[in-house]
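Secondary and tertiary structure notes
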Amino acid sequence: MSTTTATRFPQIAFIGGGNMASAILGGLIHQGLPLGQIEVVEPWEQARTALQQQFGVVAHAGAGPQLERAEVVVWAIKPQNFKDAALDTQSYTRNALHLSVAAGIRSSSIAHWLGSERVVRAMPNTPALIGQGISGLYARPSVSETERLLVEQIMASTGAHLWVEAEAQLDAVTALSGSGPAYVFYFLEAMVQAGVDMGLSAAQSEQLAIATFAGASELAKRSHESPAALRERVTSKGGTTYAALETMRGAELDRHFIAALRAAQTRAQELGDACGA
Ligand SMILES: NC(=O)C1=CN([C@@H]2O[C@H](COP(=O)(O)OP(=O)(O)OC[C@H]3O[C@@H](n4cnc5c(N)ncnc54)[C@H](OP(=O)(O)O)[C@@H]3O)[C@@H](O)[C@H]2O)C=CC1
Ligand SMILES: O=C(O)[C@@H]1CCC=N1
């Protein structure tokens, strides 16, 4: 692969054209990736139609020689489908750099199926859809610095990134930030329900809850203080926040929440074992 610059986009193929592929693809097109440099393989007709309507991209139902031009192949399929899709595709993509967003599937499995050591894994999250995501990245040792920069260029359209040195850490990233938006939405749902129970309308409760999450997150981002210190600033001794936090402590909410994230991490490890090579 030739040296990339900030303005040169690679020829890129997506295997799987669902939620995550659309987030990355949409961001790249927005950045200026020409449609002629994109191939998508997506067996589900409804998803192919959606890609055409949303981005003007014509997707193929199956892998074929059209993939041979791809310099980068983005794997955005479910872990359970990865092996079969890789075996269908590997004869067309031997010269490509492979970038997988699949949860759990280890780079050693991907390298084995594809017959290539040039494999990077990314674990994004759904705020990628609005360019506000964060991705954990891991590269196999044979991936060059230039190829790492190329991956950063591709993922930049989805938001921020951080590299991890040990691949096992990606399962923790998956549990924390990959699945994380679902936890935020879960708490939003509960806050809205509480607001309605206390006499606010659903619309009022939603407005208040979303603004509170957004404002508190932005404050934590901009502040030099720890989340614990920021929490203490809200909590007057004997006041309302204290009453709420004591209820949460009594229910050991933090312990349950940590256990929930460990369950997600364990599931990522299981997927790697069950669906890997
Ligand atoms: N959603 C999220 O928040 C995140 C997801 N991920 C990972 O991203 C990956 C994709 O997830 P997501 O985009 O949500 O899933 P989607 O179900 O939205 O998209 C996957 C698409 O791939 C299609 N597909 C199935 N088999 C093949 C094949 N052989 N070749 C090409 N395409 C195929 C599926 O079709 P069909 O439905 O017919 O099977 C589906 O349309 C998963 O591995 C997941 O772990 C990572 C981070 C966050
Ligand atoms: O739930 C999942 O398995 C995927 C991976 C992270 C977010 N969604």
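Residues numbered from 1 in each chain as written. Chains lettered and ligands numbered in written order. Predicted model: local features only at pLDDT ≥ 70, side-chain atom pairs only at ≥ 80, totals over all residues. Heavy atoms only, no water.

If you look the protein chain up in an unreviewed UniProt entry, it shows as Pyrroline-5-carboxylate reductase from Giesbergeria sinuosa. According to UniProt, the comment filed for the protein chain under the heading Function (unreviewed entry) is "Catalyzes the reduction of 1-pyrroline-5-carboxylate (PCA) to L-proline." (UniProt positions renumbered as here; feature names shortened; annotations may be inferred.)

What UniProt calls "domain: Pyrroline-5-carboxylate reductase dimerisation" (unreviewed entry) maps, in this numbering, to residues 167–271. Summarising residues 167–271: 83% helix, 0% strand, and an end-to-end C-alpha distance of 14 Å. (Helix = DSSP H or I, 4+ residues; strand = E, 2+ residues; numbered from the N terminus.)

Now for the pattern of salt bridges. Summed over the entire model, instances satisfying the criterion amount to 11 salt bridges. A salt bridge links Arg 8 to Glu 71, with the shortest nitrogen-to-oxygen separation between them at 2.8 Å. One end of the pair, Arg 8, is in the segment before strand S1 (12–15); the other, Glu 71, is in the loop between helix H2 (45–55) and strand S3 (72–75), with 63 residues separating them in the sequence. Among the ionic pairs, Glu 147 bridges to Arg 118, the shortest N-O distance being 2.7 Å. Here Glu 147, found in helix H5 (residues 145–155), pairs with Arg 118, found in the loop between helix H4 (107–114) and strand S5 (119–123); they are 29 residues apart in sequence, far enough to count as distant. Looking at Glu 147, the relative accessible area reads 8%, which means it is buried. (Salt bridge = Lys/Arg side-chain N within 4 Å of Asp/Glu carboxyl O. Buried < 20%, exposed > 50% of the residue type's maximum accessible area, 1.4 Å probe, protein only.)

Another aspect to go through is the pairing of S5. It is a general feature of regular strands that their side chains alternate between the two faces of the sheet. Counting buried positions along S5 yields five of five residues, so the element is predominantly enclosed. Covered by surrounding structure in S5 are Val 119, Arg 121 and Met 123 together with Val 120 and Ala 122, the residues of both alternating faces. Pairing of strand S4 (residues 97–100) with S5 involves three bridges; the strand directions are parallel. Paired with Leu 99 across the two strands is Val 120, which belongs to S5. (Pairing = 2+ DSSP bridges.)

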